[in-house]
Amino acid sequence: MDSIKTQNDQPSNDQSTTVVHGLTSNRWKKIMTSMKRNISDPPLTLEAHNINYHIDPSKNTWTQRFVNVEMPWEWTTETNVRRKVLNDISFSVTSAHLLAILGGSGSGKTSLLNVLSQRADMSGVSGSVLIDGSKRDLEYMRDFSAYVMQDDFFMPQLTVTESLTFIAKLKLPSEFDKNDIKEQVNSLITELGLAHVANSKIGGEKVRGISGGERRRVSIAMQLLLDPKILFLDEPTSGLDSFTAYNLVEMLAKLAQKDKLVVMTIHQPRSNIFELFDQVMILTEGNIAYYGDAKRMSPYFESIGYKCPDHTNPCDFYVDIASLDRKSPRTEAESRKRVDKLIDAHRRNNVYARAYIFDGTEYDDIEAGFTPSSLVSSHDSASSKPPVVKHISTIQKFSVLTRRAILNHVEDYGFLLVQSLEALMMSLLLGVIFWQLQCDQDGVKDRFGLMFLIGGLYPYMIISDVIGDYCKEVPIFYREIQDGLYTVGPYFFSKILSELPEHSAFMILYSIPMYWMANLQADASLFFRVFGVTYMLVYCSRILSLFTAALMPSYQSAIFVTQAIYISCLLSSGYLVNMDNIMAGMKWFTNLSFTRWGYLGLCQTEMPGLNFTCTNLSSITCISTGEEALKSYSVDDYSVDIAVVAMWGWIFAFLMLFYICLKFIPQKPRD
């Protein structure tokens, strides 16, 4: 198996001292046996045969169009024509090699990486991707390989050790116990040079944490937990300074030497990074301009008339000559002629057809690192068999996700402080404005106004917070779903459950000061009923925000839709406009307003049992009881129980809509 370190101590008769990522050899063998893999697997071969990849936007589903924010009139424009992203890509590479895929922007680097890892839309792919001469599906690739995305997304409040531990619990086989997981995580932290930041928060845009290079190493560590045979990386040096980028690629080269196959895309690496590559592929317009040994790249291009000038980075020079120059029609035509020549030269010298010739010296395929399946004597090795990884149960995944989310929220002191102050300040504001309400005729109107504002202000204020928090989580959710760590179900239930403690705490801060400052009825049972109705009303707003955040393709559109829905509900809640005065054709809409049911429930809880004084005998109307007040304000149609049932119905409806969006709409990172 990969990454095997042998201690120098003399082993006993019945125990081996070989250590794999911190685990004893016997323990590791037991686990790998359950996965049907063997620590003595022969070198692995990854092959691509005539890969063609087409993207046809006209066949996009409505969800894809929706996520891409495409308007109906865009569906028939020429931007929706079928285009070829990859064209007849063929190559072969074995483990213990680092393959770097180079090319300019739009050359097809990431598309090729996605096809090889089975993450692309395979309906548009023709040709075959083989591992040891056999085709593999996405499930196999998830267990056998790992994919490191270009962007690093983490829960910022967790430390490096905590982040890796939670991922390890989701990814590693169920045979791993708590101590095994701890040893595996600690070993990877040491191996990837993260020991000095093991207990540091990862951080993010607004939270100070570890450096960019260390974050990238954490991303790689997450993918190495299962010790994959193949490691795919999309632009791992993006955004890093040259020194950090070199150290990162050097680490990847050392991983490749431990019998791993490392395939990475990179734009234009500096010269000392280029020296770390075993093999290089240069793509242009979805075609291969060069594929072969990194050391033989310059001789190859020189043999076809493109010598790299002295004191020039070969990667920069050869990627440049393999790129189209679209500054003008003339430069584009000239560069097109040059690119076509490079593509034709590669096809003539295709390694599947003949050997390369440099300076009259025959260049043997196998010597260069090419091992097509036709040259491999047998594919019956254990590595050819799909690994059977028994992961933890769905309930255990839900437990891990819930604990991770709660820990991330609890450690976010700034967010908790702001949210707590927001709830407390809104409560104090309402308490001061409605200070010590009296049971007179003015008090009747003021009490209805207070009930309206209780269910109107704070639920509106949390909309942007809930949507913003979800949009920050989406990239993590998207990456982990792509990695197959869990399904939508565990995430959905963990998301709902993990937010209940903070929601409850904020509701306590919101309800208690305002209730007693406003001099509402001093009765414990009434207080808890008001608290319960307010709790449900604010929770409706929270779940509505989650639903629209999962539905809409951007943060701004989610905010707009949620606020539009909420304002519509607020206007039809029954306080600003008397329900008896609403036009008959629109009365049905008021029954769809969850804020109306919350307002009705609060009024039905607070007003009954109150007696009001009439100080002005000349007044045309004198409301003497709470029941008369309810009838006067047209909120006596339904009881508190019906209002509570209606709000529960809306909560479940929004929860189901949220789940459906998670399930059927791709939750790609929001802008």
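This text goes with the structure placed above it.
Because the structure is a prediction, the values reported are computed rather than measured. (Residues numbered from 1 in each chain as written. Predicted model: local features only at pLDDT ≥ 70, side-chain atom pairs only at ≥ 80, totals over all residues. Heavy atoms only, no water.)

## Considerations on the overall build of the protein chain
Short version of the rule: A helix here means a DSSP run of H or I that spans at least four residues, while a strand means a run of E at least two residues long, and both kinds are numbered starting from the N terminus. When checking whether two residues touch, look at their non-hydrogen atoms; a contact exists if any pair is within 4.5 Å.
Secondary structure assignment for the protein chain yields 23 helices and 15 strands. Taking contacts inside the protein chain between residues at least 6 apart in sequence as the whole, the part at least 24 apart equals 76%.

## Side note on the nonpolar core
How we decide: Note on terminology: a nonpolar core comprises buried Ala, Val, Leu, Ile, Met, Phe, Trp, Tyr and Cys residues joined through side-chain atoms within 4.5 Å. Buried residues are those whose accessible area, probed at 1.4 Å on protein chains only, stays under 20% of the maximum for their type, while exposed residues exceed 50% and partly exposed ones sit between those limits.
Formed by 152 residues in total, the largest nonpolar core has its most connected members in Ile220, Leu231, Phe277, Ile282, Phe301 and Leu450. In contact with Ile220, not counting residues within four places along its chain, are Val148, Leu192, Leu231, Leu233, Leu248, Met251, Leu252 and Leu255. With 32 residues, the next largest nonpolar core counts Leu46, Tyr53, Val93 and Phe144 among its residues.

## Considerations on unusual backbone geometry
In this structure, Asn50 takes a positive phi of about 50° despite not being glycine. Inspection of the secondary structure assignment puts Asn50 in strand β4 (residues 45–55). At Ser634, a residue that is not glycine, the phi angle is positive and equals roughly 55°. Secondary-structure assignment places Ser634 in the loop between α22 (626–632) and α23 (640–664).

## Observations regarding the state of the cysteines
For the record, the criterion: Throughout, disulfides are identified as pairs of cysteine sulfur atoms within 2.5 Å of each other.
Counted under the stated rule, the structure contains one disulfide. Bridging Cys614 to Cys622, the disulfide has an S-S length of 1.2 Å. On the basis of relative accessibility, which here comes to 28%, the residue Cys614 falls in the partly exposed class. In this structure Cys315 is not part of a disulfide, and its nearest cysteine sulfur, from Cys308, lies 9.2 Å away.

## Let's talk about the side chain of Thr284
Note on placement: Thr284 falls in strand β12 (residues 279–284). Excluding anything up to four places from it in sequence, Thr284 contacts Ser107, Ala289, Ala322, Val339 and Ile343.

## Some details on the environment of Gly209
Looking at the secondary structure, you find Gly209 in the loop between α6 (178–191) and α7 (212–224). With residues up to four places along the chain from it excluded, the contact list for Gly209 reads Lys201, Ile202 and Gly203.

## Concerning the pattern of salt bridges
Stated precisely, the cut-off is as follows: Salt bridge, as applied in this entry: a Lys or Arg side-chain nitrogen positioned within 4 Å of an Asp or Glu carboxyl oxygen.
As enumerated under the stated definition, the model contains 18 salt bridges in all. Salt-bridge contacts for Glu499 lead to Arg542; the nearest nitrogen and oxygen are separated by 3.4 Å. Here Glu499 is found in helix α17 (residues 488–517), whereas its partner Arg542 is found in helix α18 (residues 524–551), with 43 residues between them in sequence. Like Arg542, Glu499 is buried. Counted as one network, the salt bridges with shared partners bring together Asp469, Glu473, Lys495, Glu499 and Arg542.

## As for the sheet that holds strand β8 (residues 134–135)
To be explicit about the condition: A pair of strands is treated as paired once DSSP finds two or more bridges between them.
Reading across from one edge, β5-β4-β7-β8 is the order of the four strands in this open sheet, with antiparallel pairing throughout. Sheet topology places β5 (83–94) and β8 at the edges, where each strand pairs with a single neighbour. Where β4 lies against strand β7 (residues 125–131), six bridges are found, and the strand directions are antiparallel. Across the sheet, the residue bridging to Leu46 is Ile131, located in β7.

## Regarding helix α5 (residues 160–171)
Definition in use: Given the number of residues in a helix, its expected span is that number minus one, multiplied by 1.5 Å.
Look at α5: 16 Å from first C-alpha to last across 12 residues, which is about the 16 Å you get at 1.5 Å a residue. With nine of 12 residues buried, α5 lies mostly within the body of the structure. Among all positions in α5, only Val160, Thr161, Ser163, Leu164, Phe166, Ile167, Ala168, Leu170 and Lys171 are buried. Among the structural elements, α6, α7, α13 (394–410) and α16 (457–482) are those in contact with the buried residues of α5.

## Some words on the packing of aromatic side chains
Definition in use: Between 30 and 60 degrees the pair is tilted, below 30 it is stacked and above 60 it is edge-to-face, where a pair is any two Phe, Tyr or Trp rings, Trp via its six-membered ring, whose centres lie within 6.5 Å. Criterion for a charge above a ring: Lys NZ or Arg CZ within 6 Å of the ring centre, and within 35 degrees of the ring normal.
Within this structure, the stated rule accounts for 31 aromatic pairs. Every member of this aromatic cluster is reached through a ring pair, and the members are Tyr460, Phe547, Tyr566, Phe594, Trp650 and Phe654. In this arrangement the basic side chain of Arg136 is found over the ring face of Tyr140, its NZ or CZ atom lying 4.5 Å from the centre. Above the face of the Trp597 ring, Arg596 is positioned so that its terminal group lies 5.9 Å from the ring centre.

## What about the sheet that holds strand β9 (residues 145–148)?
Rule in force here: Here, axes are lines fitted to C-alpha atoms. For helices the fit covers the stretch in contact, and angles between N-to-C directions go from 0 to 180 degrees.
The six strands lie next to each other as β9-β10-β11-β6-β12-β13, forming an open sheet whose pairing is mixed. Single-partner strands in this sheet number two, and they are β9 and β13 (287–293). On average, each strand axis in the sheet is tilted by 15° relative to the strand beside it, whichever way the strands run. Relative to strand β11 (residues 261–265), strand β10 (residues 230–234) runs parallel, the two sharing five bridges. Among the inter-strand pairings, Phe232 is bridged to a residue of β11, identified as Val263.

## Focus: the packing of α16 against helix α19 (residues 555–571)
Formally: Our angle categories are set so that under 35 degrees counts as roughly parallel, over 145 as roughly antiparallel, 65 to 115 as roughly perpendicular, and the remainder as oblique. Crossing handedness: left-handed means the near helix sits turned counterclockwise from the far one by under a right angle, and right-handed means the same turn made clockwise. We call Asp, Glu, Lys and Arg charged. Ala, Val, Leu, Ile, Met, Phe, Trp, Tyr, Cys and Pro are nonpolar, and the rest, Gly among them, are polar.
At a closest axis distance of 10 Å, the pairing of α16 and α19 adopts a crossing angle of 155°. In this view, α16 runs roughly antiparallel relative to α19, as classed from their interaxial angle. Remark: the crossing between α16 and α19 carries right-handed chirality. Within the contact between the two elements, α16 uses Pro459, Tyr460, Ile463, Ser464, Ile467, Gly468 and Cys471 and α19 uses Tyr555, Ala558, Ile559, Thr562, Gln563, Tyr566 and Ile567. Partitioning the contact of α16 with α19 into residue classes produces 10 nonpolar, four polar and no charged.

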